[in-house]
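# Residue-level structural notes
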Amino acid sequence: MIAIPYFTALTTYFSYGLLFVFGQFRDFFRKILDWWSTDNLQGYAPICLGLEDFYIRRLYNRVQDCFGRPLSSAPDAWFDVVERYSNDNNKTLKRTNNVSRCLNLGSYNYLGFAAADEYCTPRVIDSLKKYSHSTCSSRVDGGTLALHNELEECVARFVGKPAAIVFGMGYVTNSSILPVLMGKGSLIISDSLNHNSIVNGARGSGATIHVFQHNTPSHLEEVLREQIAEGQPRTRRPWKKIMVVVEGIYSMEGELCKLPEIITICKRYKAYTYLDEAHSIGAVGKTGRGVCELLGVDTSDVDIMMGTFSKSFGSYGGYIAGSKELIQYLKYNCPAHLYATSISPPAAEQIISAIQVVIGEDGSCRGAQKLARIRENSNFFRSKLQKMGFEVLGDNDSPVMPIMVYNPAKVSSFSRECLKQNVAIVTVGFPATPLLLARARICISASHTKEDLIKALEVISRIGDLVGIKYFPAEPKKQQQVGMLKLE
């Protein structure tokens, strides 16, 4: 649990309250003016209506320049951010021909494969020439190439499962798989901070859903025991099946899942385990095989393993790995496999080549070096931020580092000031996070050099003082400088 300082919580509530009240006043006068204006709806109800529309117009538009910034280069350690301006108080943003060369602390480019690579890029170009850029068909029609079969075999070997199936989108992997596996009479027990794709997939399944406190195995056991005792609503019959859904690394918290304890509980109560490794596969573990390797969990104890290719492997899409019977069942029943266009051949080749580099099949030790570099970079950066006085969430070895900002005005100020200093970061607020828990999310890459990280720390520390988001006392500067010299 995050302990929010009382004064910070009070000022955050006050800021949102002020925005809400002034927004309501402006909407009131807007309705009065619209009373005499011509009605263009011709009897139709407004298509954009409700609190979501109010939030976008009165709150989000004020800070939308901090989000959706267009790029004009590959998302490497440094990239080009296109400059924008607005002539109508941020309602619309127009692009210019100018770009700013910025240090990239926002992309999920954990192993640095998103930019040109000496091993991957030539093979991707060859696959483009051989197979073209799209299959223009679903997997069950004309969209399965030898490359897709090779990719599925490669993924299965890499994660340590008998078989795997791949999809063209990571979000769809979760949202389409859960409705296939679970249904009426089934029970899904989900971590309270699971990704939106899991939430939507669970809701679409028709199964009963219960939530346990974030990363708290003891509460998971309480929920399991209670639900097994009560059974299905009204009928009290036993559940047809129970599935516990967790993530390897939680993308907004940077925390590692307490997988060993959760596996033990699931075995005790005969519940299936669904592990989402979107942010952990390729990024943690001695050989990049995710939280199972890092935490010493046998992959045979995890029933369903999910992951994406858009973080560590510089491509796109997702996968499900499990038993051969499970994968065969999904190939017959999953809409994302039956109806969606298959992964493009160059993207599939990029994934295969990246995995080969990670496990050393390219004939070099670059994969091991990348894994060592991201681990060192992540732990160094996290420790320095904490010593500076920032409230940083997450665990060691995780490349995701949320810095708590809380106040909505500080979110936009922190983002804009960092961009002025040529450091690009991602800020996240409500509704992506709870109202009081806005944050800046730092993502570290193996492609970052020591100089990059030191520059970023200097900029973030300076702007943290300016904006006022150092909620803890900082260590003396001499000790911080000693730590930086050790890294060098």
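In short, a report on the structure. (Residues numbered from 1 in each chain as written. Predicted model: local features only at pLDDT ≥ 70, side-chain atom pairs only at ≥ 80, totals over all residues. Heavy atoms only, no water.)

This brings us to the overall build of the protein chain. Across its full length, the protein chain carries 16 helices and 13 strands. A globule of 488 residues ought to have a C-alpha radius of gyration of about 23 Å, and the protein chain, at 24 Å, matches this closely. For the protein chain, the C-alpha atoms occupy an extent of roughly 60 × 60 × 50 Å along the three principal directions. Counting only residues that meet the buried cut, the protein chain has 51% of its 488 residues in that class. Partitioning the intrachain contacts of the protein chain with sequence separation of at least 6 by distance along the chain shows that 71% fall at a separation of at least 24. For the protein chain, the distance from the average site of its 54 positive side-chain charges to the average site of its 47 negative ones is 3 Å. (Helix = DSSP H or I, 4+ residues; strand = E, 2+ residues; numbered from the N terminus. Rg over C-alpha atoms; globule rule 2.2 N^0.38 Å. Buried < 20%, exposed > 50% of the residue type's maximum accessible area, 1.4 Å probe, protein only. Contact = heavy atoms within 4.5 Å. Lys, Arg positive; Asp, Glu negative; His and termini not counted. Charge placed at Lys NZ, Arg CZ, Asp CG, Glu CD.)

Strand order in this open sheet of 3 strands is E10-E13-E12, and the pairing throughout is antiparallel. Strands with a single pairing partner mark the edges of an open sheet, and in this sheet they are strand E10 (400-406) and strand E12 (426-428). With direction set aside, neighbouring strand axes in the sheet form an average angle of 25 degrees. Bridge count for E12 against strand E13 (residues 438-443) is 3 bridges, and the pairing is antiparallel. Bridge pairing in E13 places Val 428 opposite Arg 439. The strands that helix H13 (residues 366-388) touches are E10 and E13; relative to E10, the one it contacts most, it runs at about 20 degrees. Contacts between helix H14 (residues 408-420) and the sheet are confined to E10, E12 and E13, with E10 contributing the most and set at about 130 degrees to the helix. (Pairing = 2+ DSSP bridges. Axes fitted to C-alpha atoms, helices over the stretch in contact; angles between N-to-C directions.)

With that out of the way, let us pick up unusual backbone geometry. Going from Phe 430 to Pro 431, the amide bond is cis rather than trans, its omega being 10 degrees. The topology assignment puts Pro 431 in the loop between E12 and E13. Its identity as a non-glycine residue notwithstanding, Arg 236 has a phi of 60 degrees, on the positive side. Relative to the elements of secondary structure, Arg 236 occurs in the loop between helix H7 (217-230) and strand E6 (242-247).

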